[in-house]
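Here is what each chain is made of, one letter per residue.
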Amino acid sequence: TQSESKWGLLPSIMAKMGKLGLETIDHRAWSPRGVHTTLVNEVYARAHLNLETMTDPEEALKELMEKVKKGIEEAINQPETAKVKVQRWYPGVVEEICEQVDEKRKSNVTQRLLSEASSMLERKQQLQTMATQSKSVKELMGDVADVEQPKQDVNIEAAAA
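All values reported here derive from a predicted model rather than from experimental measurement. (Residues numbered from 1 in each chain as written. Predicted model: local features only at pLDDT ≥ 70, side-chain atom pairs only at ≥ 80, totals over all residues. Heavy atoms only, no water.)

K.L.:
What is the right way to look at the pattern of salt bridges in this model?
P.N.:
Pairing of side chains with opposite charge becomes possible as their charged atoms draw close. As enumerated under the stated definition, the model contains 5 salt bridges in all. R46 is paired through a salt bridge with E23; the nearest N and O atoms lie 2.9 Å apart. Note that R46 is positioned in strand β3 (residues 39-46) and E23 in strand β2 (residues 23-30), a separation of 23 residues in sequence. For R46, a relative accessible area of 34% translates into the label partly exposed. Taking relative accessible area as the criterion, E23 reaches 38% and is therefore assigned partly exposed. Here E73 ties to K69 by a salt bridge, and the two come within 3.0 Å at their closest N and O atoms. Remark: K69 and E73 occur in helix α2 (residues 57-76); sequence separation between them is 4 residues, near one turn of the helix. One network of salt bridges, with partners in common, ties together D26, R28 and E122. (Salt bridge = Lys/Arg side-chain N within 4 Å of Asp/Glu carboxyl O. Helix = DSSP H or I, 4+ residues; strand = E, 2+ residues; numbered from the N terminus. Buried < 20%, exposed > 50% of the residue type's maximum accessible area, 1.4 Å probe, protein only.)

Next up, the structure:
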């Protein structure tokens, strides 16, 4: 999400996610430096699809994602300014999961999913905060500030009395 900061925003978002039956894997919130900046919340969550009422899994997923998006927008309550994006996450470690899953392997996969989500969030946060880091004039100008300006000779003639 991207929204304006306000008191109680995070608990409101997390409460809504809990009511929607989402299990939070990882969450990060940050905002760039400055006045009137945008607050960014990124959440990796897991949900279980209820296929009893729908026969098509893709349709069930689409409906769940729309329900989550509307719920988060309602929790943020900033219809004019907030942006909410809900998308399916395809973790890289899923490709390595075998058909056989025993308890030891299951916990290993869960730990790897958590680790991947965490590293992706840290990378995004680092990129955004680095882009908004304060810099001195010398850092911005580079070698240009180090070049000495040429001095001009000034001749002052005194009038004889």
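K.L.:
Is there a simple way to explain the nonpolar core in this structure?
P.N.:
Burial of nonpolar side chains together is a common tendency in soluble globular proteins. Core analysis: the largest hydrophobic core is formed by 9 residues, namely L9, I13, M17, L22, L39, V68, I72, I76 and V84. Mapped onto this core, the elements with two or more residues apiece are α1 (9-19) and α2. The residues contacting L22, other than those within four sequence positions of it, are M17, A45, R46, A47 and V68. (Core = buried A, V, L, I, M, F, W, Y, C linked by side-chain atoms within 4.5 Å. Contact = heavy atoms within 4.5 Å.)

K.L.:
What's the story with α2 in this structure? I'm lost.
P.N.:
Along its 20 residues, α2 runs 29 Å from first to last C-alpha, staying within 8% of the 28 Å computed at 1.5 Å per residue. Of the positions making up α2, those classed as buried are A60, L61, V68, G71, I72, A75 and I76. Considered in projection along α2, the buried side chains sweep an arc of 130° and stay on one side of the axis. Projecting away from the buried face of α2 at angles above 90 degrees are the exposed residues E58, K62, K67, K70 and E74. Contacts made by the buried residues of α2 are with β1 (2-3) and α1. Remark: N77 follows α2 within two positions and exhibits a positive phi of approximately 60°. (Expected span 1.5 Å × (residues − 1). Arc of directions from axis to C-beta.)

K.L.:
What exactly am I supposed to notice about the side chain of K16 here?
P.N.:
Within the secondary structure, K16 is located in helix α1. Taking relative accessible area as the criterion, K16 reaches 18% and is therefore assigned buried. Dropping the residues within four chain positions of it, K16 is found in contact with G71, I72, E74 and A75.

K.L.:
I'm lost on a negative patch on the surface in this one. Help?
P.N.:
On the surface, a cluster of negative charge is contributed by D56, E58, E59 and E63. The topology assignment puts D56 in the loop between β3 and α2. (Patch = residues over 30% accessible without salt bridge, like charges linked within 9 Å, V, L, I, M, F, W, Y side chains within 5 Å. Areas by Shrake-Rupley, 256 points an atom, 1.4 Å probe, with all protein chains shown as cover. Lys, Arg positive; Asp, Glu negative; His and termini not counted. Charge placed at Lys NZ, Arg CZ, Asp CG, Glu CD.)

K.L.:
Is there a simple way to explain the environment of K124 in this structure?
P.N.:
As for its position among the elements, K124 is in helix α3 (residues 103-131). Apart from the residues lying within four places of it in its own chain, the contact partners of K124 are W30, E42 and Y44.

K.L.:
What's the story with α1 in this structure? I'm lost.
P.N.:
Helical geometry: 3.6 residues make up each α-helical turn, so side chains three or four residues apart lie on a common side. For α1, the set of buried residues is L9, I13, K16 and M17. Projected down its long axis, α1 carries its buried residues within an arc of 100°, all on one side. Counted as exposed and oriented over 90 degrees from the buried face of α1: P11 and K19. Residues of α1 that are buried make contact with β1, β2, β3 and α2. Positive backbone phi, approximately 80°, marks G21, located one or two places after α1.

K.L.:
For this particular structure, what's the right way to read the packing of α1 against α2?
P.N.:
Two packed helices can be described by the angle between their axes and the distance between those axes. Between α1 and α2, the least distance of the axes is 9 Å, while the angle of their chain directions is 150°. With respect to α2, the element α1 is oriented roughly antiparallel. Between α1 and α2 the crossing geometry is right-handed. Residues L9, S12, I13, K16 and M17 of α1 form the contact with α2, whose participating residues are G71, I72, E74, A75 and I76. (Axes fitted to C-alpha atoms, helices over the stretch in contact; angles between N-to-C directions. Parallel < 35°, antiparallel > 145°, perpendicular 65-115°, else oblique. Left-handed = near helix turned anticlockwise from the far one by under 90°.)

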